[in-house]
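Letter by letter, the chains look like this.
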Amino acid sequence: MLSLLSRLEPTGKTEIAPCLIQIGSMLKHRSLVMVFSDLLADVEPIFNALRQLRYRGHDVILFHVLDEAEVRFPFEGMVELEEPESEEKLCIDAGGFRRDYLAEIAVFREQYRTECFQRGIDYVPLDTSMQFDRALTEYLISRQARG
Amino acid sequence: MEFVHPALLGGAALAAVPIILHFILRQKPKRFEFPALRFVQQRRQVNQRRMRLQHLLLLALRIAAICLLAVALARPSMRASGVIADQEAPVAAALVFETAPHMGYRHENQSRLEVAQEIALKLLSDFPHESQVAVLDTRGQPGVFQVDLGAARQRIERLELTPVTQPILTAVDEALRLLGEATQQRREIYIFTDLTAASWSTEAREELNKRLSPLPQLGVYVVDVGVLKPQNFGLGEIRLSSQVLAQNSPLVVSTDLVARGTEGDRGVVLEMLDIHGKPQKRNQETWKLADGQPQSVEFSVGGLPIGTIRANCGLSARMAWLATIYATSRSKFKTVAGG
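Residues numbered from 1 in each chain as written. Chains lettered and ligands numbered in written order. Predicted model: local features only at pLDDT ≥ 70, side-chain atom pairs only at ≥ 80, totals over all residues.

Secondary structure assignment for chain B yields six helices and 17 strands. When each of the 339 residues of chain B is scored for burial, the buried share is 24%. In chain B, once contacts between residues fewer than 6 apart in sequence are set aside, the share between residues at least 24 apart is 75%. (Helix = DSSP H or I, 4+ residues; strand = E, 2+ residues; numbered from the N terminus. Buried ≥ 20, exposed ≤ 12 C-beta atoms within 10 Å, placed from the backbone. Contact = placed C-beta atoms within 7 Å.)

Structure representation (structure tokens):
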């Protein structure tokens, strides 16, 4: 399993909501489902998928992993941003956009936090500047402490 | 509004620099892969509008800053303001001094001419260094602009009363001629006078108005160095009992002591000049005076030597002279040995 995980590479377009629904239908017993995703897709289908997992009695942990640049928006001056899946491009003055972008990303994360709280899902926001092993260990210890 | 260095206004053309930078030399954007692009898109319209406004505002501020800098370097100045010599622009100034004998009247131990000189020197120190200054008096001589402010200062310090003077309008005419030749935009004329009725008759005032009315941009300042309540003590004509005296007979010197605009005690002194011309006090008496009422003064001097004798008769306590209309009355008289 670890070998499989280590060989994973980002390719093509992805849809996380159908994947979650598919996994839910595949699991016959109550299981622990750990989701690692940037969740950069429409929120409603993902919410529905997460709700279905919970409805089926699975314990769900949602690791919301974003790139450090997506969390901090460290760009300066004129930049051309390209969405890798759709190849859509946008040319902007990064300095003038930072505040608005950070507000948007904060709303985006808060949506998941609220939804997960209401559905009994553990929501763990991460970004690539963090040390994953340390972040995961800290989360698991806190989860164990909660019982 | 005038500019001292109008050529520097051309520096405002540099305002084109931020425009070129803003519209033409735009920075080439760096490319990044960014999966969260949709969050940027959501705010793009509002943000772009705001950013465009900010950029235009910034551009306007940069242009305004460059234009203001160019205007400041060109040194703007206002013509003929109401405040005397308070501007930095060089001035062409003509200082006209009345130097008639009445300018020698003293008040608080200063003659009117001295007061005028003091004010003029102060004024001169306030003029910008590049200023052209002409100093004229009522002697009727042609005026010239002094070489520099130092020369103008010396000229003012050397001004003296002149017994025969031209009307003040003659000096004003000369000043206007000089100012007409000046290159400076800011031109001012200062007239130092005690405004005596003799110098400033109704006709003289009308004439001055006529000369100045076609010159609205000329700054005209009349500096009144007279006093509101003049106080004069004076001696009248000196009368001698005789031009030729018999030996050992006394000489009687008489005159009238007059006070105008004041009253009080005033002393009169009679001094004989010795063979070296040095004054020796012979008599001094004090009389009580009422305003406008002459007081007869009489000295009797005996024991005069044989020969020609010179004497001065004048008011005592020079330092306390309040008025100088009859400042010094001097008389020379002779005694000849009689038989």
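Read on for the rest.
The next subject is the overall build of chain A. Helices and strands together make up the secondary structure of chain A, namely six helices and five strands. Here the analysis covers contacts within chain A between residues at least 6 apart in sequence; of these, 69% occur between residues at least 24 apart.

Next up on the list: the pairing of strand β8 (residues 186–193) of chain B. Each regular strand carries side chains that alternate between the two faces of the sheet. Residues and elements named next belong to chain B. With respect to burial, β8 is a largely interior element, eight of its eight residues being buried. When strand β4 (residues 91–97) meets β8, the two strands line up parallel, connected through seven bridges. Looking at the pairing, A92 lines up with R187 of β8. With six bridges connecting them, β8 and strand β9 (residues 219–224) associate as parallel partners. (Pairing = 2+ DSSP bridges.)

Attention shifts here to the pairing of strand β1 (residues 32–37) of chain A. Residues and elements named next belong to chain A. The pairing of β1 with strand β2 (residues 59–66) spans six bridges and is classified as parallel. Within β2, the position partnered with M34 by the bridge is I61. The parallel pair β1 and β2 is bridged by helix α3 (residues 43–55), and the resulting crossover is right-handed. (Right-handed = clockwise from strand over helix to strand, strands pointing away.)

This paragraph deals with helix α6 (residues 132–146) of chain A. In this model, α6 of chain A (15 residues) spans 21 Å end to end at C-alpha, consistent with the 21 Å of a helix rising 1.5 Å per residue. Of all 15 residues in α6 of chain A, zero are buried; the element is thus mostly exposed. (Expected span 1.5 Å × (residues − 1).)

Strand pairing in a sheet relies on backbone hydrogen bonds, with the paired strands running either antiparallel or parallel. All names here are of chain B. Reading across from one edge, β7-β4-β8-β9 is the order of the four strands in this open sheet, with parallel pairing throughout. Of all the strands in the sheet, the pair left with one neighbour each is β7 (132–137) and β9. Across this sheet, the average inter-strand angle for adjacent strands is 15 degrees, counted without regard to direction. (Axes fitted to C-alpha atoms, helices over the stretch in contact; angles between N-to-C directions.)

Bringing the nonpolar core into the picture now. All names here are of chain B. In terms of nonpolar packing, the biggest core is built from 34 residues, with A94, L95, V96, A175, I189, Y190 and F192 touching the most fellow members. Of all elements in the fold, only β4, α3 (112–126), β7, α4 (149–157), α5 (168–181) and β8 reach the threshold of two or more residues within this core. Once residues within four sequence positions are removed from consideration, F192 is found in contact with L95, V96, F97, E98, A116, A120, V223 and V225. Counting residues in each nonpolar core, the second largest holds 14 residues, with L251, A259, V268 and L270 among its members. (Core = buried A, V, L, I, M, F, W, Y, C linked by C-beta atoms within 7 Å.)

Let us now look at the sheet that holds strand β4 (residues 89–93) of chain A. The three strands are arranged β4(A)-β3(A)-β2(B) in an open sheet whose pairing can be described as mixed. Unpaired on one side and paired on the other, β4 of chain A together with β2 (30–33) of chain B mark the two borders of the sheet. The mean angle between the axes of side-by-side strands here comes to 30 degrees, regardless of whether they run parallel or antiparallel. As paired elements, strand β3 (residues 78–82) of chain A and β2 of chain B share four bridges and run parallel to each other. Bridging across to β2 of chain B, E82 of chain A finds its partner in E33 of chain B.

Further remarks concern the interface of chain A and chain B. Counting from both sides, the interface comprises 25 residues of chain A and, opposite them, 18 residues of chain B. Listed by contribution, the elements that provide at least two residues to the side of chain A that touches chain B are α4 (68–72), β3, β4 and α5 (94–119) of chain A. By residue class, the composition of the side of chain A that touches chain B is 14 nonpolar, two polar and nine charged. (Nonpolar A, V, L, I, M, F, W, Y, C, P; charged D, E, K, R; others polar.)

Let's shift gears to the packing of α5 of chain A against helix α2 (residues 37–73) of chain B. Direction vectors running N to C along α5 of chain A and α2 of chain B enclose 155 degrees, while the axes themselves pass 9 Å from each other. Judged on the interaxial angle alone, α2 of chain B and α5 of chain A are roughly antiparallel. Of the two elements, α5 of chain A crosses α2 of chain B, and the hand of that crossing is right-handed. Residue-level inspection shows G96, F97, D100, Y101, E104, I105 and F108 of chain A of α5 of chain A in contact with α2 of chain B, the latter providing F39, V40, Q42, R43, N47, M51 and Q54 of chain B. For the contact of α5 of chain A with α2 of chain B, the per-class residue count stands at seven nonpolar, four polar and three charged. (Parallel < 35°, antiparallel > 145°, perpendicular 65-115°, else oblique. Left-handed = near helix turned anticlockwise from the far one by under 90°.)

This part is about the environment of R187 of chain B. Residues and elements named next belong to chain B. Mapping R187 onto the fold places it in strand β8. The spatial distance from the C-alpha of R187 to the C-alpha of V220 is 8.8 Å, given a sequence separation of 33 residues. Setting aside residues no more than four positions away along its own chain, R187 makes contact with A92, L179, A182, L218 and G219.

Turning next to the packing of helix α2 (residues 16–26) of chain A against α3 of chain A. Residue and element names in this part refer to chain A. Look at α2 against α3: their axes get within 8 Å of each other, and the N-to-C directions meet at 15 degrees. With respect to each other, α2 and α3 are oriented roughly parallel. The element α2 and its partner α3 pack so that their crossing is left-handed. Residues I16, A17, L20, I21 and G24 of α2 lie in contact with α3, whose contacting residues are P45, I46, N48, A49, L50, Q52 and L53. Here the contact of α2 with α3 is built from residues that sort into nine nonpolar, three polar and no charged.

Now for unusual backbone geometry. Glycine aside, the phi torsion of most residues is negative, and most peptide linkages are trans. The backbone phi angle of E87 of chain A is positive, close to 60 degrees, even though this residue is not glycine. For E87 of chain A, a count of 8 C-beta atoms within 10 Å gives the class exposed. Despite not being glycine, L195 of chain B has its phi angle at roughly 55 degrees, a positive value. You can see L195 of chain B is positioned in the loop between β8 and α6 (202–212).

Let us now look at the confidence of the model for chain B. Residue and element names in this part refer to chain B. Residues of chain B with pLDDT of at least 70 account for 89%, and the chain-wide mean is 80. Confidence over residues 81–86 falls short of pLDDT 50; this stretch has seven contacts with residues more than four positions distant or in other chains. Note that residues 319–339 has pLDDT below 50 and, in this model, 48 contacts with residues that lie over four places away or in other chains. Interface scoring of the predicted complex returns ipTM 0.80; its pTM is 0.44. (pLDDT = per-residue confidence, 0-100.)

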